[in-house]
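The primary structure of each chain is shown beneath.
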Amino acid sequence: MFCYQCEGAAQGTGCTKVGVCGKQPEVSDLQDLLVYTLKGTSFWANLARENGKPDAEIDRFMIKALFTTVTNVDFSDDSVVDVIKEAVALKAKAKSLAGDYAGVVPPAAQDWSLPGNRNEMLALSQLHGIKEPGVNEDIQSLRDTILFGIKGYAAYADHALILDRENDEIYAFTHKALSAMLDNSLELMDYVGLAMECGRINLVTMELLNKAHTDKFGHPEPTPVQLGTKAGKAILVSGHDLRFLEELLKQTEGKGINIYTHGEMLPAHGYPGLKKYSHLAGNWGGAWQDQHKEFQSFPGAIVFNTNCIQKPADNYKDRLFTWDRVQFPDVRHIDGWDFSEVIDCALAADGFPDAPGQEILTGFGHNAVLGVADKVIEAVKAGQIKHFFLVGGCDGAKSGRNYYTEFAEKAPQDTVILTLACGKFRFNKMEFGDIGGIPRLLDVGQCNDAYSAVQIALALADAFECGVNDLPLSLVLSWYEQKAVAILLTLLHLGIKNIKIGPTLPAFITPNVLNFLVENFNIAPITTAEADLQQILG
C-alpha cells in the first residue's frame, strides 16, 4: 500500500504498512483499484456526454464510489470489492454509450476483467497505486490534489443526493477531470486550471447542499446546545448527514430515547426542522479522534452515518452501528432507513441519568450573521471590532493542534472568531464573551458550511466596498482529509490570499507546487500562535 491523502500520513510522507487511520493494506490497495476503474469509467462517460448521452446511473454511482474512498469511511475489503464490481460493469455501460472511438484508449479505460480470486484481485490492485510510474512529480502532485478535491466534494454531493438534490455540472466536471488524469499530453498549467475549476465545482456543490439543508430544515438559528445529559435511554449520532438524523428522530419519538450529536453533527441543533424534536437532547463528546476514550462510557447505541469512524474498541463495539457508505469489519451495518436495530440496542442499554452541564452556541450560518450585519458593520466602523479570524477545519490526533486552542485564547478581545467543522472542538467550550451583543465566537457549522463563511465574507466585502483580501479578515485553517482539500481549492478559486494552514502541509504537495501557491496566493504554514497573531495584526 501507499496512501498519502490525509494529514495523518506516516512520517509526513505516506502510509506503507497500515494506515494511521487504521485502514489495512488490502483495503487501501483495493480502493486504489477502485479509483483506477473510476478513471476508466469517466473516460468513456465523458465521451458519452460529448455525444449527448449522459447517464444518471453512472453519474450517481461515481459520487458514491468516490465518497467510499474518503479517509475514515469504508474499512471493509468485501464492501470495496462490491463497489469495484459495480464500477467495472458501469465502465462497460459507459463505453457502449460513448459509441465508436478511433483515438488511443488509455489502459484504465480498456477492457479488462476483475479476477474472481481475492489474491489475484489484490495483485492486480497493487499494479495501480496512487502514484503512476513515469509521471512528472509536479504533475502527479496536481493530479492527486484534484483527485482528493473531487473526493471531498463527492461527500457533499452524496449528502445532497440523499436529499434528492443534484447538479449535472458536478457530474460533468467529475468525468472530465478524472479522464484528464489519464491524458499524458496535458501539461502542468492544464492541471492548475483543473484544480481551480475543482474549487469552483466544490463551491457549486456546497451551495447545492446548503440549499437542500435550508429548504428541508430551515436556516440555522443561534441555539444553545446542552453538553450535559437527560435521564433516559440514549443514541449517539456521529457524522454529517442531516436527513439521517431527522429519520432517526422520527423513529425514536415517544420511545423514551434521547438523541445526542457527536462531532460534526453538533450544528444540527441550529436547524428549526431538527431542534423542534424535544428528544434531541444535546451534544456529547468532542471531535472524531477522541472516540476511543469517549465512546466506552456512552451508555447507549452509537451510529456513524458518514466518515470519521476509527477502529472500534471491544468495550463499545457491540453498541456500534454503521450506515450507508460507512463500513467497518465485524460492526453491524444498516442499509436503508429502518433503524429498529439501533433503537432496540439503545432500549437494552442503561441510558443516562439527569446531569445538566455547560451550554454552548451553534447556528451562526450566513443567514443568521447577515441578519445582524448592520450591527457588525457599525462595530467595525466604531473600532469595536478590529479583526475577524476564521479559525476552523478538521481536527486530528497529530501533535501541534493545540496551536488552534492557543490562537483562539490569545486573539485580542476586540476580534471576532468564526469557526466551522470539527476543528472548533479545540476551543468551543471556552468563554469568549461578546462585543456589543455580538458573540466573539460564531459557530458557522459543519465543514460544508464553509459556503456560509464565504457568503459572510463576500457580504462584508460588498458592505465595505472592497475585495475580500482587503477585509480585516484572516483565515487560519486546520486540515485532515479530502473535504478540506476541496474547500482550500474553493478559496483559491475565489482568489483568497494569505491563508495559514496546519498543523502540517500535505505530503502530496511538491516543493514546486507549494512555491506556486506561495507566489500566487501567499499561503503559509502556521508557526506559533503568538508569532502568527503578531504578523497578522502588526
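Residues numbered from 1 in each chain as written. Predicted model: local features only at pLDDT ≥ 70, side-chain atom pairs only at ≥ 80, totals over all residues. Heavy atoms only, no water.

Novice: What's the story with the overall build of the protein in this structure? I'm lost.
Specialist: Across its full length, the protein holds 19 helices and 16 strands. By the compact-globule yardstick of 24 Å for 538 residues, the protein fits well, its C-alpha radius of gyration being 23 Å. When the backbone C-alpha atoms are referred to their principal axes, the protein occupies close to 70 × 60 × 45 Å. Within the span of the protein, comprising 538 residues, buried residues form 61% of the whole. Of the contacts made within the protein by residues no fewer than 6 positions apart, 75% connect residues no fewer than 24 positions apart. Of the roughly 20,300 Å² that the protein leaves accessible, carbon and sulfur atoms contribute 50%. Counting 46 positive and 67 negative side-chain charges, the protein places the centres of these two groups 2 Å from one another. (Helix = DSSP H or I, 4+ residues; strand = E, 2+ residues; numbered from the N terminus. Rg over C-alpha atoms; globule rule 2.2 N^0.38 Å. Buried < 20%, exposed > 50% of the residue type's maximum accessible area, 1.4 Å probe, protein only. Contact = heavy atoms within 4.5 Å. Areas by Shrake-Rupley, 256 points an atom, 1.4 Å probe, with all protein chains shown as cover. Lys, Arg positive; Asp, Glu negative; His and termini not counted. Charge placed at Lys NZ, Arg CZ, Asp CG, Glu CD.)

Novice: Explanation requested: the sheet that holds strand β9 (residues 387–393) in the structure shown.
Specialist: Hydrogen bonds along the backbone pair up the strands of a sheet, which may run parallel or antiparallel. With respect to topology, 6 strands assemble into an open sheet ordered β13-β10-β9-β14-β15-β16, the strand pairing being parallel. The sheet is open, and its two borders are formed by β13 (441–445) and β16 (524–525), each paired with just one other strand. Pairing of strand β10 (residues 415–420) with β13, which is carried by 4 bridges, proceeds in the parallel orientation. Of the residues in β13, the one forming a bridge with Leu-418 is Leu-442. (Pairing = 2+ DSSP bridges.)

Novice: What is the right way to look at the sheet that holds strand β7 (residues 332–334) in this model?
Specialist: Spatially, β4-β3-β2-β5-β6-β7 is the arrangement adopted by the 6 strands of the open sheet, whose pairing is parallel. The open sheet has two edge strands, β4 (280–283) and β7, and neither has a second partner. Taken pair by pair, the neighbouring strands of this sheet meet at an average axis angle of 25°, ignoring direction. Where strand β6 (residues 320–323) and β7 come together, 3 bridges link them in parallel fashion. Its bridge partner lying in β7, Phe-321 is registered against Arg-332. (Axes fitted to C-alpha atoms, helices over the stretch in contact; angles between N-to-C directions.)

Novice: What's the story with the packing of helix α1 (residues 25–50) against helix α4 (residues 118–125) in this structure? I'm lost.
Specialist: What describes two packed helices is the angle between their axes and the distance between those same axes. Where α1 meets α4, the closest approach of the two axes is 8 Å, and the angle between their N-to-C directions is 65°. Comparing their axes, α4 and α1 come out roughly perpendicular. The handedness of the crossing between α1 and α4 comes out as left-handed. Of α4, the residues touching α1 (which contributes Glu-26, Asp-29, Leu-30 and Leu-33) are Met-121, Leu-122, Leu-124 and Ser-125. Residue composition of the contact of α1 with α4, by class: 5 nonpolar, 1 polar and 2 charged. (Parallel < 35°, antiparallel > 145°, perpendicular 65-115°, else oblique. Left-handed = near helix turned anticlockwise from the far one by under 90°. Nonpolar A, V, L, I, M, F, W, Y, C, P; charged D, E, K, R; others polar.)

Novice: What exactly am I supposed to notice about helix α3 (residues 77–98) here?
Specialist: Residues that lie three or four places apart on an α-helix share one face, since the helix turns once every 3.6 residues. In a regular helix each residue adds 1.5 Å, so 22 residues correspond to 32 Å; α3 covers 31 Å between its end C-alpha atoms and thus fits that length. Among the residues of α3, Ser-79, Val-80, Val-81, Val-83, Ile-84, Ala-87, Val-88, Leu-90, Lys-91, Ala-94 and Ala-98 are the ones counted as buried. Residues of α3 that are buried make contact with α1, α2 (56–68) and α4. Of the residues trailing α3, Gly-99 is marked for its positive phi of about 75°. (Expected span 1.5 Å × (residues − 1).)

Novice: Any chance you could explain the packing of aromatic side chains here in plain terms?
Specialist: One pair of aromatic rings is described through two measures. These are the centre distance and the angle between the planes. Under the defined criterion, the tally for this structure stands at 27 aromatic pairs. Taking 6.2 Å as the distance between ring centres and 35° as the angle between the ring planes, the aromatic pair formed by Tyr-36 and Trp-112 counts as tilted. Residue Tyr-36 is located in helix α1, and its partner Trp-112 is located in the loop between α3 and α4; the two are separated by 76 residues in the primary sequence. Comparing Tyr-36 with Trp-112 shows no difference in burial state: the two are buried. Aromatic side chains Tyr-260 and Phe-298 sit 6.2 Å apart centroid to centroid with 80° between the ring planes, which places their arrangement in the edge-to-face category. Residue Tyr-260 is located in strand β3 (residues 257–262), and its partner Phe-298 is located in the loop between α10 (291–295) and β5 (301–304); the two are separated by 38 residues in the primary sequence. A relative accessible area of 1% means that Phe-298 is categorised as buried. Through pairs of rings, three or more aromatic residues link up here, namely Phe-2, Tyr-4, Phe-148, Trp-479 and Phe-508. One residue, Arg-243, lies across the ring of Trp-337, its end atom 4.1 Å from the ring centre. (Phe/Tyr/Trp six-rings, centres within 6.5 Å; stacked < 30°, edge-to-face > 60°. Lys NZ or Arg CZ within 6 Å of the ring centre and 35° of its normal.)

Novice: Would you mind showing me how to read the pattern of salt bridges here?
Specialist: Pairing between side chains of opposite charge can happen when their charged atoms approach one another. Across all of its chains, the model carries 28 salt bridges by this definition. A salt bridge links Arg-118 to Asp-78; the nearest nitrogen and oxygen atoms lie 3.0 Å apart. Separated by 40 residues along the polypeptide, Arg-118 in helix α4 and Asp-78 in helix α3 bring together distant segments of the chain. For Asp-78, a relative accessible area of 45% puts it in the partly exposed group. Between Glu-221 and Lys-275 there is a salt bridge whose closest N-O contact spans 2.8 Å. Note that Glu-221 is positioned in the loop between α7 (188–217) and β1 (223–226) and Lys-275 in helix α9 (residues 272–275), a separation of 54 residues in sequence. Note on Glu-221: relative accessible area 36%, which makes it partly exposed. It is possible to trace a salt-bridge network through shared partners that takes in Glu-169, Lys-176, Glu-197 and Arg-200. (Salt bridge = Lys/Arg side-chain N within 4 Å of Asp/Glu carboxyl O.)

Novice: What exactly am I supposed to notice about helix α8 (residues 242–252) here?
Specialist: Counting buried residues in α8 gives 8 out of 11 residues, a clear majority hidden from the surface. Considered for burial, the residues of α8 that qualify are Leu-242, Phe-244, Leu-245, Glu-246, Glu-247, Leu-248, Leu-249 and Thr-252. The N-terminus of α8 is capped by Asp-241, whose side-chain oxygen sits 3.3 Å from the backbone nitrogen of Arg-243. Positive phi shows up at Gly-254, right after α8, with a value of about 80°. (Polar contact = N/O pair within 3.5 Å; in protein donor to acceptor, adjacent residues only side chain to side chain.)

Novice: What is the right way to read unusual backbone geometry from this model?
Specialist: Residue Pro-503 is bonded to the preceding Gly-502 through a cis peptide linkage, with omega at 5°. One can find Pro-503 in the loop between β15 (500–502) and α18 (511–521). The phi angle at Asn-72 is positive, at roughly 65°, despite the residue not being glycine. You can see Asn-72 is positioned in the loop between α2 and α3.

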